[in-house]
Amino acid sequence: MRPDWDTYFMKIAHDVAARSTCDRAYVGAVLVREKRILTTGFNGSPAGLPHCDEEDHLMIDGHCVRTIHAEANAIIQAALHGVLTKGATCYVTHFPCLSCTKMLINAGIVRIVYENSYRIDENALQFLRRANVEVTSVSPQAST
């Protein structure tokens, strides 16, 4: 059976997540506009710095701060390569944290499709509502 677009791009987000170097959460993000992939991102350290799978986690207040989140990395890749993100959809394996939510809003993302309801922040939800960003949750069965 041919997958719908949300299922198709979420499967790609899972493939991207496999590149994550922090085993606390394998997260992948895919920025898409007009059914075309713009950029991808996964949890990983800044370029040239050691990863969690090389030097272990760098924990502060219960969070690993060694890595950059997948959504942020996808936005950074767009900036690095001159790719316009305005009007794009972000397919992400886990609901974005508050910081990533703010970055996605400022990057002009108009829709977020996520699968895992990991630590959903009420402030993030409120920000997305107020910014008129459409949020869609897909079931894990739809993307595996």
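These remarks concern the structure in this document.

What counts, and where the lines are drawn
- Residues numbered from 1 in each chain as written.
- Predicted model: local features only at pLDDT ≥ 70, side-chain atom pairs only at ≥ 80, totals over all residues.
- Heavy atoms only, no water.
- Axes fitted to C-alpha atoms, helices over the stretch in contact; angles between N-to-C directions.
- Helix = DSSP H or I, 4+ residues; strand = E, 2+ residues; numbered from the N terminus.
- Parallel < 35°, antiparallel > 145°, perpendicular 65-115°, else oblique.
- Contact = heavy atoms within 4.5 Å.
- Nonpolar A, V, L, I, M, F, W, Y, C, P; charged D, E, K, R; others polar.
- Pairing = 2+ DSSP bridges.
- Buried < 20%, exposed > 50% of the residue type's maximum accessible area, 1.4 Å probe, protein only.
- Salt bridge = Lys/Arg side-chain N within 4 Å of Asp/Glu carboxyl O.

**Describing the packing of helix 4 (residues 98–106) against helix 5 (residues 122–130)**
Then comes step 1: The N-to-C vectors of helix 4 and helix 5 enclose an angle of 10°; their axes lie 9 Å apart at closest approach. The pairing of helix 4 with helix 5 is recorded here as roughly parallel in orientation. Listed contacts from helix 5 to L98, T101, K102 and I105 of helix 4 are N123, A124, F127 and L128.
Then comes step 2: Broken down by class, the residue content of the contact of helix 4 with helix 5 amounts to five nonpolar, two polar and one charged.

**Quick notes on the pairing of strand 2 (residues 36–42)**
Then comes step 1: Taken together, the six bridges between strand 1 (residues 28–33) and strand 2 define a ladder with antiparallel strand orientation. If you follow V32 over to strand 2, its bridge partner there is I37.
Then comes step 2: Between strand 1 and strand 2, which pair antiparallel and follow one another directly, the connecting turn spans two residues, one of which, E34, has a positive phi of 55°.

**Describing unusual backbone geometry**
Then comes step 1: Backbone geometry at R119 places phi at a positive 50°, although glycine is not the residue there.
Then comes step 2: One non-glycine residue, N132, lies in positive phi territory at about 60°.
Then comes step 3: Take N132: its relative accessible area is 68%, and that puts it in the exposed class.

**Describing the pattern of salt bridges**
Then comes step 1: Under the definition given, this model contains three salt bridges.
Then comes step 2: Salt-bridge contacts for D6 lead to R111; the nearest nitrogen and oxygen are separated by 2.7 Å. One end of the pair, D6, is in helix 1 (residues 5–17); the other, R111, is in strand 6 (residues 111–116), and 105 residues separate them in sequence. The same class applies to D6 and to R111, which are both buried.
Then comes step 3: One salt bridge in this structure joins E55 and R66, with 4.0 Å as the shortest N-O distance. Of this pair, E55 sits in helix 2 (residues 52–55) while R66 is found in the loop between strand 4 (63–64) and helix 3 (70–81), placing the two residues eleven residues apart along the sequence.
Then comes step 4: Judged by relative accessible area, E55 falls into the partly exposed class, the value being 49%.
Then comes step 5: For R66, a relative accessible area of 16% corresponds to the buried category.
Then comes step 6: Connected through shared salt-bridge partners, D6, R111 and E134 make up one network.

Interpretation note: all reported values are geometric properties and have no functional meaning in isolation.
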